[in-house]
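# Working through the structure, step by step
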Amino acid sequence: MQTVQHDFTWRRSIVAAVWNRKTVFPGSLLALTLVSVVPGIDELFRIDVAILPMLIGGGFITYQTVVATIENRRLTAGALVVLALIGTAYIEEYIAGAV
């Protein structure tokens, strides 16, 4: 009788892709937010570093909110988040928008 060897590498690649999507993006935003809290980092880069995670994360949330609003034909709770992001950007509290 012959033994059958199964190739489960496709399962590992799917798990790796899901893990990367669920951890790398939020983890990078968290790292950028934590870096922006370091004293003196703004003078080093000559900008408020908290703008980066706010724009990246805010753009992602805005896109998802617009898509959900168009599909459901109703405003979702994401619309409030987008309004809050606009407000934090207007008053220049970028760290609050990044969080």
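Reference entry: report on the structure contained in this document. Residue positions are given per chain, counted from 1 along the sequence in the order it is written. pLDDT decides what is reported in this predicted model: residues at 70 or higher carry local features, side-chain atom pairs at 80 or more are listed and counted, and totals for whole chains, interfaces and linings draw on all residues regardless. The side-chain quantities take in all heavy atoms of the structure and omit both hydrogens and water.

## Digging into the overall build of the chain
- Put simply, DSSP H or I for four residues or longer makes a helix, DSSP E for two residues or longer makes a strand, and each gets a number counted from the N terminus. Within the chain, the regular secondary structure consists of 5 helices and 0 strands.
- Secondary structure elements of the chain, listed N to C terminal, follow the sequence α-α-α-α-α.
- Relative accessibility thresholds used throughout: buried, under 20% of the residue-type maximum; exposed, over 50%; partly exposed, between the two (1.4 Å probe, protein chains only). When each of the 99 residues of the chain is scored for burial, the buried share is 19%.
- Here the accessible surface of atoms and residues is derived via Shrake-Rupley with a 1.4 Å probe, and residues count as covered only by protein chains that are part of the display. Surface exposure of the chain reaches about 8,100 Å², of which carbon and sulfur atoms provide 67%.

## A short note on unusual backbone geometry
- In this structure, Arg73 is a non-glycine residue whose phi angle is positive, near 55°.
- Mapped onto the secondary structure, Arg73 falls in the loop between helix H3 (51–72) and helix H4 (78–90).
- At Glu92, a residue that is not glycine, the phi angle is positive and equals roughly 60°.
- Inspection of the secondary structure puts Glu92 in the loop between H4 and helix H5 (94–98).

## Regarding the environment of Pro26
- The residue Pro26 is located in helix H1 (residues 9–37) in this model.
- Taking the C-alpha atoms as reference points, Pro26 and Gly57, separated by 31 residues in sequence, lie 8.4 Å from one another.

## With respect to the environment of Pro53
- The residue Pro53 is located in helix H3 in this model.
- A relative accessible area of 2% places Pro53 in the buried class.
- In sequence terms Pro53 and Ser36 are 17 residues apart; their C-alpha atoms lie 9.1 Å from each other.

## Description of the nonpolar core
- Definition of nonpolar core: a set of buried residues of the types Ala, Val, Leu, Ile, Met, Phe, Trp, Tyr and Cys, connected through side-chain atoms within 4.5 Å. Judged by nonpolar contacts, Ala50, Met54, Leu85, Tyr94 and Ala98 together constitute the single largest core of 5 residues.
- Beyond its immediate sequence surroundings of up to four residues, Ala98 is in contact with Thr33, Ala50, Pro53 and Met54. Residue contacts follow a heavy-atom distance rule, with two residues in contact if any of their heavy atoms lie within 4.5 Å.

## Quick word on the environment of Ile95
- Position of Ile95 relative to the elements: it lies in helix H5.
- Here the alpha-carbon distance between Ile95 and Ser36, two residues 59 residues apart in the chain, equals 7.7 Å.
- Aside from chain neighbours lying at most four places away, what touches Ile95 is Thr33, Ser36, Val37 and Ala50.

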